[in-house]
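So you can see what is in the structure, the chains are spelled out below.
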Amino acid sequence: MKKGWRVLLILILVLAVAVAAAGCGGQEAAEDGNGENQTAAGEGAQDEKMKVGFIFVGPVGDLGWSWTHNEGRKYLEEQLPWVETSYVESVPEGADAERVLTELAEAGNKVIFATSFGYMDYVIKVAEKYPDIVFMHCSGYKTAANADTYFGAMEEPRYLSGMVAGKMTKSNILGYVAAYPIPEVIRGINAFTLGARSVNPEAEVRVVWTQTWYDPAAEKQAAISLLDAGADVIAQHQDTPGPQQAAQERGAYAIGYNCDMREFAPDASLTAPIWNWGPYYTRVVEAVKNGTWQVEEYYGNMKDGIVDLGPYNDIVSQEIRDLVDAKKQEIIDGKFHVFQGPIKDQNGEIRVEEGQQMTHEEILNIDWFVEGVIGSPS
Amino acid sequence: MKMPAEDTTAAPLISWEKRLQPSPVIAVLVPVLSVFLALGLGAVFLAFTGFNPLEVYQNMLHGAVGSRYGFSETIVKAIPLMLAGLGVSVAFRMLLWNIGAEGQFYMGTFGASWVALSFPELPFYIMLPAMFIAGCLMGGLWACLPAIPRALWGVNEVITTLMLNYVAILWVDYLVYGPWKDPQGFNFPLTVSFSKAATLPTLLGTRVHLGLVFALMAALLLSIVLWRTRWGYEIRVTGENASAASYAGMNIKRNIILVMFLSGALAGLAGMSEVAGITHRLQHGISPGYGYTAIIVAWLAKLHPAGIILVSFLFGGLIVGGYSVQTSGVPAATVSMLQSAILFFVLGGEILTRYRLRIGRKGGK
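Residue indices follow the written sequence of each chain, beginning from 1 at its first position. All chains are assigned letters beginning with A, and all ligands numbers beginning with 1, in the order in which they are written. Side-chain atom pairs in this predicted model are given and counted only at pLDDT of 80 or more, local residue features only at pLDDT of at least 70, and totals for whole chains, interfaces and linings cover all residues. Calculation of side-chain values draws on the structure's entire complement of heavy atoms; hydrogens and water are dropped beforehand.

Trainee: Sorry if this is basic, but what is going on with the overall build of chain B here?
Mentor: By the criteria applied, helices consist of DSSP H or I runs no shorter than four residues and strands consist of E runs no shorter than two, each listed in order from the N terminus. Scanning chain B from N- to C-terminus turns up 13 helices and two strands. Only C-alpha atoms enter the radius of gyration; for comparison, a globular chain is expected to reach 2.2 Å times N to the power 0.38, where N is the number of residues. At 23 Å, chain B has a C-alpha radius of gyration in line with the 21 Å of a compact globule built from 365 residues. For chain B, the spread of C-alpha atoms along the three principal axes comes to 80 × 65 × 35 Å. Counting every position in chain B, which comprises 365 residues, the buried fraction comes to 53%. For each residue, the accessible area found with a 1.4 Å probe, counting protein chains only, is set against the maximum for its type, and the residue is called buried under 20%, exposed over 50%, and partly exposed in between.

Trainee: Looking at this structure, how should I read the sheet that holds strand S3 (residues 111-114) of chain A?
Mentor: Strand pairing in a sheet takes place through backbone hydrogen bonds and is either antiparallel or parallel in direction. Residues and elements named next belong to chain A. Taking strand neighbours across the sheet as the criterion, the six strands line up as S2-S1-S3-S4-S5-S12 in an open arrangement whose pairing is parallel. Only two strands of the sheet have a single neighbouring strand rather than two, namely strand S2 (83-88) and strand S12 (298-300). Adjacent strand axes in the sheet meet at a mean angle of 20 degrees when their direction is disregarded. Here a strand pair is declared whenever DSSP counts at least two bridges between the two strands. Pairing of strand S5 (residues 147-152) with S12, which is carried by three bridges, proceeds in the parallel orientation. Each bridged residue has a counterpart across the sheet, and for Tyr150 the counterpart in S12 is Tyr298. In what follows, a contact means two residues having at least one pair of non-hydrogen atoms within 4.5 Å. Every axis in this analysis is a line fitted to C-alpha atoms, fitted for helices over the stretch in contact. Angles between the N-to-C directions lie between 0 and 180 degrees. Seen against the sheet, helix H4 (residues 95-106) touches strand S1 (50-55), S2 and S3 and runs at an angle of roughly 170 degrees to S1.

Trainee: Teacher, can you tell me more about the interface of chain A and chain B here?
Mentor: It is common to give the size of an interface as the accessible area that goes away when the parts come together. The interface is formed by 42 residues belonging to chain A together with 38 residues belonging to chain B. Put simply, buried area is the surface a 1.4 Å probe can reach on two separate parts but cannot reach once they are joined, added for both. Interface area, chain A with chain B, both sides summed: about 3,400 Å², of which 62% is carbon and sulfur. One speaks of a salt bridge when a side-chain nitrogen belonging to Lys or Arg is within 4 Å of a carboxyl oxygen belonging to Asp or Glu. Scanning the region where chain A abuts chain B turns up four salt bridges. Ionic pairing is found between Lys77 of chain B and Asp96 of chain A, a salt bridge with its closest N-O pair at 3.1 Å.

Trainee: Mind showing me how you'd approach the confidence of the model for chain A here?
Mentor: The predicted coordinates ought not to be read in detail in places where the model reports low pLDDT. Of all residues in chain A, 88% have pLDDT values of 70 or greater, and the mean over the chain is 88. Confidence scores labelled pLDDT are given residue by residue by the predictor and lie between 0 and 100. The model gives residues 21-46 of chain A a pLDDT under 50, and that stretch makes seven contacts with residues more than four places away or in other chains.

Trainee: For this particular structure, what's the right way to read the confidence of the model for chain B?
Mentor: Residues and elements named next belong to chain B. Across chain B, the average pLDDT comes to 88, with 95% of residues at or above 70. For chain B, per-element mean pLDDT is lowest for strand S2 (residues 355-359), which scores 76, and highest for helix H4 (residues 101-118), which scores 97. The complex prediction reports pTM at 0.80, with the ipTM value standing at 0.75.

Trainee: What's the story with a nonpolar patch on the surface in this structure? I'm lost.
Mentor: Patches were defined on residues exceeding 30% relative accessible area and lacking a salt bridge, with like-charge contacts within 9 Å and nonpolar side-chain contacts (Val, Leu, Ile, Met, Phe, Trp, Tyr) within 5 Å. Computed with the Shrake-Rupley method and a 1.4 Å probe, the accessible areas treat only the protein chains shown as cover for residues. Judged by side-chain polarity, Leu13, Ile14, Trp16, Ile351, Leu352, Leu357 and Ile359 of chain B come together as a nonpolar surface patch covering roughly 690 Å² of accessible area. For the nonpolar patch, the secondary structure elements donating two or more residues are strand S1 (14-18), helix H13 (332-354) and S2 of chain B.

Trainee: Whenever I open this one, helix H5 (residues 124-153) of chain B confuses me. Can you help?
Mentor: One turn of the α-helix equals 3.6 residues, which is why residues spaced by three or four share an orientation. When the terminal C-alpha atoms of H5 of chain B are compared, their 43 Å separation across 30 residues agrees well with the 44 Å that a helix rising 1.5 Å per residue should span. The largest bend in H5 of chain B amounts to roughly 35 degrees and is located at Leu145 of chain B, with the proline Pro146 of chain B lying one to four residues further along. Multiplying 1.5 Å by the residue count of a helix minus one yields the expected span of that helix. Two axes enter the bend calculation: one fitted to the seven residues ending at the residue in question, the other to the seven starting there, and the bend is the angle between them.

Trainee: I tried to follow the sheet that holds strand S8 (residues 233-237) of chain A on my own but got confused; where do I start?
Mentor: All names here are of chain A. Taking strand neighbours across the sheet as the criterion, the six strands line up as S10-S9-S8-S6-S7-S16 in an open arrangement whose pairing is parallel. Only two strands of the sheet have a single neighbouring strand rather than two, namely strand S10 (269-271) and strand S16 (373-374). The pairing of strand S7 (residues 204-209) with S16 spans two bridges and is parallel. When the bridges of S16 are listed, Val205 appears paired with Val373. Contacts from helix H6 (residues 155-168) reach strand S6 (173-178), S8, strand S9 (253-255) and S10, with the element oriented near 170 degrees to S9. Lying on the sheet, helix H8 (residues 216-228) is in contact with S6, S7 and S8; it crosses S6 at an angle near 160 degrees.

Trainee: Please clarify how H4 of chain B should be interpreted in this entry.
Mentor: Here H4 of chain B contains 18 residues, and its C-alpha end-to-end distance of 25 Å stays within 8% of the 26 Å for a straight helix at 1.5 Å per residue. Across the 18 residues that make up H4 of chain B, a large majority, 15, are buried.

Trainee: Would you mind showing me how to read the nonpolar core here?
Mentor: Within soluble globular proteins, side chains that are nonpolar generally end up buried alongside one another. Residue types Ala, Val, Leu, Ile, Met, Phe, Trp, Tyr and Cys, when buried and joined through side-chain atoms within 4.5 Å, form a set referred to as a nonpolar core. By size, the foremost hydrophobic cluster in this structure holds 207 residues, and its most contacted members are Ile55 and Phe113 of chain A together with Met131 of chain B. Once residues lying within four places of it in the same chain are set aside, the contact partners of Phe113 of chain A are Val52, Gly53, Phe54, Ile55, Met136, Tyr150, Tyr281, Val284 and Val285 of chain A. Judged by nonpolar contacts, the second largest core, of 14 residues, contains Ala222, Ala223, Ala247 and Ala254 of chain A.

Trainee: What's the story with the packing of helix H3 (residues 65-79) of chain A against helix H10 (residues 278-290) of chain A in this structure? I'm lost.
Mentor: Any two packed helices are characterised by the angle at which their axes cross and by the distance between the axes. Residue and element names in this part refer to chain A. Direction vectors running N to C along H3 and H10 enclose 50 degrees, while the axes themselves pass 8 Å from each other. Of the possible angle classes, the one that applies to H3 and H10 is oblique. The interaxial crossing formed by H3 with H10 has right-handed handedness. Here H3 contributes His69, Gly72, Arg73, Tyr75, Leu76 and Gln79 to the contact with H10, which in turn contributes Gly278, Pro279, Tyr281, Thr282 and Val285. Class assignment of the residues belonging to the contact of H3 with H10 gives a composition of five nonpolar, five polar and one charged. What sets the label is the angle itself: under 35 degrees gives roughly parallel, over 145 gives roughly antiparallel, 65 to 115 gives roughly perpendicular, and the rest give oblique. In this scheme, a crossing is called left-handed if the near helix is turned counterclockwise away from the far one by less than a right angle; it is called right-handed if the turn is clockwise. Residues are sorted three ways: Asp, Glu, Lys and Arg are charged, Ala, Val, Leu, Ile, Met, Phe, Trp, Tyr, Cys and Pro are nonpolar, and all the rest, Gly among them, are polar.

Spelled out as structure tokens, the structure:
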């Protein structure tokens, strides 16, 4: 049985030669690459485009989180004809992310958007190796000279969607299908609950954790368990329309997330807090081009338009719309703050005094539930 | 091949006939041809969806082995497949269907992480051997759980090893969501990073780590054991004919447990080297199914240690190249489809090396 090893040895030798050949080729390319600025400038004068890369945690067809970022990417390409984008989808938040980021950097991208929290450490690691490339990490908290974070105050439209849910429920039980117990999600659940109870003090919000961002079947199953528990409006912090569809099948209502999901649950989906990344991506890339880019830890809000409340379903009455729209205006005008006191936690203890509001830092690190949430924030 | 007498009871038009002597030419030609067929099918699909197939394949190859970086990443992906594949293969040789490499992998990460997190002060020359032993031991013991009932009462190990995968994964999840969660980690299911001493040395600025040496050594040792030792002889004989082995006085029960321990220990070592070499912390979903892919790897390699090294490398390339292709605009779903088509054709082609297709009435049985 020595034969097997002999075959392996030969194959390894062949492979080594092939790699050496490819390596030499690569070397040349790399040398070209060093002078690429000149060659590219010489050759590609007619269409010298700035390359921008994206890395997504789900498939762009998820019709949720990654889909909204991909819409932003398309918007960017439409707005700035001198930009050329590429993306890699379905990249797990683990060791693979480091390689994909490195490959995007090697491929000549000048700006790289990493659109999931779990990429954070890898973004920082790769950013160190490529000081000339700007890395933008969505929803994280680590920055570097060439790596910035960005996110949006989703709590604002979440609060508004909670008002709609609080008005529409009959059982006063709202279900919330949530991914991971991290501050971003906890923040959303709190805002939703505050909104719902502002118009319906009897409402309670029951939370089910799925431990996944993207799993249509698991999300739907979680929604069904909430419906079984008596919930008649299902909200979600998930990336697929699965929970909406569960509500549709049971004749209940639902609040979408990420983008308008009425198409998937025409009778159930009332509205959705939505993302609108395009204008922001355009601003960042323009700033990089103009040399005005700097680390700013962007946290946009409804006034900027990066977050918004999506269109209403026809079944939402004019009375409710007026109520919610008025609150929206108050938020935009800075007259109302979602996390302004008095706010009690699950134990009924006052966490934010009347007349106070939570600081940005506190909002970013929130790890407790407000009164009215049934479930554990861990 | 013997010609059967003319059979008037209509023989099927197409029939399979077992090859008595699988020809070495066929054994090499069929897998190679299968890959090309799969690429051909993929090319048609790519062309219809508006991509240039040649360009896509070129990118894939380039991403996987075309640069020093890509090549090193392919090896990184191959290391856990090698170790887990070797583990699976040794059990399969004795016809022990250990489907539990995934769980044994997770227990290996658990054992190694326990050492790294409990004794962060250890110097590397104690830390790494301790993690090595803990990883192997946990993986091995986890495989013994189904091995003992199998040896003593003949309980089917396919079910038990498979079920224990879920237990092991949930156990690790419990740890990273609960007691081992990094307090600074924003509630994300990760432990704190290991100390420097608990990370495997890497090669020349790449992510290729000492696990590669473990894998190559394991393959070499395994083939020495299988073909140069009495125990290896017993394993092979038991696999070919258990009753003959028993008649010859071999202790089959003992061998079942020992072989399963070895099998699990190798998968556990895969887990240890992944956690100490790549992630440097325990986290939710640390294996994207290495333990299951290892089964395919072991089969494709016909359970031969050298073959497993080679096939693991090809699989690593398939994974790494798959991500590279995406940057040229090919969707992830298309890439998965390509990868699956290659696997499907190679596995399907396998049958041709062992059987021949008879068309026409002469076939018969």
